[in-house]
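Coordinate analysis (summary)
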Amino acid sequence: MQNPDPKREKRTIILAQVFISCLMALMMTFLFSILLQGFPEGWALIWARNWLTAWPVAFLLSLGVGPLAFKLAFRVMHRPVREG
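What comes next concerns the included structure. Position labels on residues start from 1 in each chain and follow its written sequence. It should be noted that, the model being predicted, local features are given only for residues of pLDDT at least 70 and side-chain atom pairs only at 80 or more, the latter also being counted only at that level, while totals for whole chains, interfaces and linings use all residues. Side-chain descriptors were evaluated using all non-hydrogen atoms of the structure, hydrogens and water having been removed beforehand.

Some words on the overall build of the chain
- Think of it this way: any DSSP run of H or I at least four residues long counts as a helix, any run of E at least two long counts as a strand, and we number them from the N terminus. The secondary structure content of the chain amounts to 2 helices and 0 strands.
- In summary, the chain has a C-alpha radius of gyration of 18 Å against a globular reference of 12 Å for 84 residues, an excess of more than 25%.
- Seen through its C-alpha atoms, the chain measures out along the principal axes to roughly 55 × 40 × 20 Å.
- In the chain, which comprises 84 residues, the share counted as buried stands at 14%.
- For accessible areas, the Shrake-Rupley method is used with a probe of radius 1.4 Å. Any residue's cover is judged against the shown protein chains and nothing else. Surface exposure of the chain reaches about 7,500 Å², of which carbon and sulfur atoms provide 72%. We take the radius of gyration over the C-alpha atoms and set the globule estimate at 2.2 Å times the residue count to the 0.38 power. Think of it in three bands: with a 1.4 Å probe and only protein chains considered, a residue is buried below 20% of the maximum accessible area for its type, exposed above 50%, and partly exposed in between.

Considerations on the packing of aromatic side chains
- Between rings of Phe, Tyr and Trp, where Trp is taken as its six-membered ring, a pair exists when centres lie within 6.5 Å; planes separated by under 30 degrees are stacked, by over 60 edge-to-face, and by other angles tilted. Under the defined criterion, the tally for this structure stands at 5 aromatic pairs.
- Centroid distance F30 to W47: 5.5 Å. Interplanar angle 70°. Geometry classified as edge-to-face. Here F30 is found in helix α1 (residues 6-37), whereas its partner W47 is found in helix α2 (residues 43-77), with 17 residues between them in sequence.
- Under the relative-accessibility criterion, F30 is labelled partly exposed at 30%.
- The interplanar angle of 70° and the centroid separation of 4.9 Å between the aromatic rings of F39 and W43 together place this pair among those described as edge-to-face.

Below, the structure written as structure tokens:
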């Protein structure tokens, strides 16, 4: 089996963050716009504008939060197990 290419792995993580931030921003702006406004006239345009604003912000924040989340998850999953 080949060793993974670190550059390719880094690009894969960044691409995953693009997809995750896109979908999270899409779902959150959709839900919050419905909760706050319902479906008024012109809702789709308002929602699309809010999503296009939220997505780049979510992506930039994920670049900082992502590594922290992975470190925290690693610590939780690899902490010593206490007996009894």
